[in-house]
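Listed below, chain by chain, are the residues.
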Amino acid sequence: MNKFIVAIVGRPNVGKSTLFNRIAKKRHAVIEDVPGITRDRLYGDAVWDDRHFIVVDTGGFQKEVEANVKSKGQPVLEHNKKFLEEVIKQVFTAVEEADIVIMMMDAESGLLPMDHELIRHLRRHEKKIFYAVNKIDGPKKESTLLNDFYSLGVDLFAVSALNGYGFENLMEQIVAMLPEGEEEKSEYPKIAIVGRPNVGKSTLVNALLSSERMIVSSIPGTTRDAVDSVCSYYKKKYVLVDTAGIRRKGKMAKTVERYSFMRTLRNIEDCDVALIVFDAEEGIVELDQRIAGLVHSAQKGVAILLNKWDLVDKSAPSLDIEKIKRMVYQKLWFMKYAPVLTISALSKKRITNLFPIVDRIIAESSRRINTQTMNEFLRKTISIKEPPMYRGRRVKIYYITQVKTNPPGFVIFTNQKEGIKEQYLKFLEGQLRSFMPFEGVPVKFYVRQRKR
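Residues numbered from 1 in each chain as written. Predicted model: local features only at pLDDT ≥ 70, side-chain atom pairs only at ≥ 80, totals over all residues. Heavy atoms only, no water.

(A) Inspection of the overall build of the protein chain at higher detail. Looking only at helices and strands, the protein chain has 13 helices and 17 strands in total. By residue count, 51% of the 452 residues in the protein chain fall in the buried class. Long-range pairs, those at least 24 residues apart, make up 69% of the contacts in the protein chain with a sequence separation of at least 6. For the protein chain, the exposed surface amounts to about 22,800 Å²; the carbon and sulfur share of it is 49%. (Helix = DSSP H or I, 4+ residues; strand = E, 2+ residues; numbered from the N terminus. Buried < 20%, exposed > 50% of the residue type's maximum accessible area, 1.4 Å probe, protein only. Contact = heavy atoms within 4.5 Å. Areas by Shrake-Rupley, 256 points an atom, 1.4 Å probe, with all protein chains shown as cover.)

The following block contains the structure:
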């Protein structure tokens, strides 16, 4: 049984994201007192009175862009107009796929022409609509601030998304319309798509989903929140998370950018596999290296995607994949275990090759090698190269065993813990990967002193 979908719509800064977070019971959307913070459709799982459903936050519905917005001293009205049209398109896509719509209005600013216009649009869709008037935090405000909205001739719900006034009443009325049923359990592999702004992350997700799930624009940073989508490939499902583009520290001064950066880090921590998207035409830059370093530090399975490869093909058609890998690994020397794939998200070239790679990475991450096999490997490795002497004493490694998966972790027991240096651990890792590649997966060695 598919979950019912409840979409929250309204003009900018009426409190849609605050209500979304209260319903989803987590700080999910980026919130700040700035109109237009939510630009894409943001989905969250919700439950009320044992009724499970999906709640959707949308961008603010608006018809005008302030003409005094400047970019490098030049007006950008037309630029913003096109972007605004995409936001509005996202709003109505959310309405079309929803079973129930919450139309949010702002009691403090009153009923505005934009509210009337949005309501006219909503009535064409023949959806069940709940009209919520936000920023009413008590009976006194309810008795005075609702008067302006009675002219709509609809049932009104006075709420405060911030402090919860009227929230229970609204939710009880909504869930009364939902079918009874248990939550669908899903353990789909979670894939985080990360990279710096404007490398094509949202274009890739939209191509994989074959729908305009995210707003795609040439403006760097179009995706401010991480956005989850379920994607099917040969009857197998995956959760795709398009994350906000990570910027240089100097460009993250705004609170909103900092929130998005922290959410991106959390999505990296929560994912099974991270797909790092690079702009193949620009090459790997310092910020790309830092982003790859974040994924490596999080010890996540990873694949490297060189996007916009169709542009490189035209300028350098003779490049072969092995040469490409060498160039990539020169910049990402700490991530030589990651597979490299050249794609074009815009033309959908080779994008479905991602799924078999993701499946292999997940399988490798959960691989467990028995202790006997590991110690046979250890004997062969030591016969090639023993650990160097430490303080005039021979360093012995007695045995090795795997202690964890996701990612794989191995403990080695030695007579001198301080004698096992990082350089020798890297040698061990290189030998292990020639024995068992662990494609796309970091491995970790833990050194333990054997008790006497």
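(B) Fine view of the packing of aromatic side chains. On inspection of all chains with the given rule, the structure shows 11 aromatic pairs. Between Trp48 and Phe167, the ring centres sit 5.5 Å apart and the planes meet at 90 degrees, which makes this aromatic pair edge-to-face. Separated by 119 residues along the polypeptide, Trp48 in strand β2 (residues 42-48) and Phe167 in helix α5 (residues 167-175) bring together distant segments of the chain. For Phe167, a relative accessible area of 8% translates into the label buried. (Phe/Tyr/Trp six-rings, centres within 6.5 Å; stacked < 30°, edge-to-face > 60°.)

(C) Molecular detail of the nonpolar core. Counting residues in each nonpolar core, the largest one holds 48 residues, and the members touching the most others are Leu204, Leu275, Ile412 and Phe445. Judged by nonpolar contacts, the second largest core, of 29 residues, contains Ile5, Val95, Met105 and Ala158. (Core = buried A, V, L, I, M, F, W, Y, C linked by side-chain atoms within 4.5 Å.)

(D) Layout of the sheet that holds strand β17 (residues 444-449). If you trace the three strands from one edge of the open sheet to the other, you get β15-β16-β17, paired in mixed fashion. The sheet is open, and its two borders are formed by β15 (397-404) and β17, each paired with just one other strand. The sheet shows a mean angle of 25 degrees between the axes of neighbouring strands, taken without regard to direction. Examined bridge by bridge, β15 and strand β16 (residues 409-414) share six bridges and lie antiparallel to one another. Each bridged residue has a counterpart across the sheet, and for Tyr399 the counterpart in β16 is Phe413. (Pairing = 2+ DSSP bridges. Axes fitted to C-alpha atoms, helices over the stretch in contact; angles between N-to-C directions.)

(E) Representation of the pairing of strand β13 (residues 301-307) within the structure. With seven of seven residues buried, β13 is to be regarded as a mostly interior element. Burial along β13 is two-sided: Gly301, Ala303, Leu305 and Asn307 facing one way and Val302, Ile304 and Leu306 facing the other are all buried. Note: strand β12 (residues 273-279) against β13, seven bridges, orientation parallel. Of the residues in β13, the one forming a bridge with Phe278 is Leu306. After leaving β12, the chain enters helix α8 (residues 286-297) and then returns to the sheet as β13, a path that is right-handed. Where β13 lies against strand β14 (residues 340-342), three bridges are found, and the strand directions are parallel. Bridging from a neighbouring strand, Leu305 pairs with Leu341 of β14. (Right-handed = clockwise from strand over helix to strand, strands pointing away.)

(F) Seen up close, the packing of helix α12 (residues 371-384) against helix α13 (residues 422-435). Packing of α12 against α13 leaves a shortest axis separation of 11 Å and a crossing angle of 120 degrees. In terms of orientation, α12 lies oblique with respect to α13. In the crossing of α12 with α13, the sense of the turn from one axis to the other is right-handed. Note on element contacts: α13 touches α12 through Tyr424, Phe427, Leu428, Gln431, Leu432 and Phe435, opposite Thr373, Met374, Phe377, Leu378, Thr381, Ile382 and Ile384. A per-class count over the contact of α12 with α13 returns 10 nonpolar, three polar and no charged. (Parallel < 35°, antiparallel > 145°, perpendicular 65-115°, else oblique. Left-handed = near helix turned anticlockwise from the far one by under 90°. Nonpolar A, V, L, I, M, F, W, Y, C, P; charged D, E, K, R; others polar.)

(G) Just the sheet that holds strand β3 (residues 51-57), in detail. Read from one edge to the other, the open sheet built from six strands follows the order β2-β3-β1-β6-β7-β8, with strand pairing classed as mixed. Of all strands in the sheet, those bounded by a partner on one side alone are β2 and β8 (156-158). The average undirected angle you get between the axes of adjacent strands in this sheet is 30 degrees. Taken together, the five bridges between strand β1 (residues 4-10) and β3 define a ladder with parallel strand orientation. Paired with Ile8 across the strands is Asp57, a residue of β3. On the sheet, α5 packs against β1, β2, β3, β6 (100-106), β7 (128-134) and β8 and is oriented at approximately 90 degrees with respect to β2.

(H) Quick look at the pairing of β2. Burial analysis of β2 places five of its seven residues in the buried class, the great majority of the element. When β2 meets β3, the two strands line up antiparallel, connected through seven bridges. The residue bridging Tyr43 from the neighbouring strand is Val56, located in β3. Counted between consecutive antiparallel strands, the loop separating β2 from β3 contains two residues, among which Asp49 sits at a positive phi close to 50 degrees.

(I) Representation of the pattern of salt bridges within the structure. Overall, the coordinates contain 13 salt bridges when judged by the stated rule. For the salt bridge of Lys308 with Asp279, the shortest nitrogen-to-oxygen distance reads 3.1 Å. In this pair, Lys308 is assigned in the loop between β13 and α9 (309-315) and Asp279 in strand β12, connecting sequence segments 29 residues apart. By relative accessible area, which is 23% here, Lys308 ends up partly exposed. Each of the salt bridges in this network shares a partner with another, and the network as a whole consists of Arg196, Glu282 and Asp288. (Salt bridge = Lys/Arg side-chain N within 4 Å of Asp/Glu carboxyl O.)

(J) Focus on the side chain of Thr342. Inspection of the secondary structure assignment puts Thr342 in strand β14. In this view, Thr342 contacts Leu306, Trp309, Ile321, Ile324 and Arg350; residues no more than four positions away in its chain are not counted.

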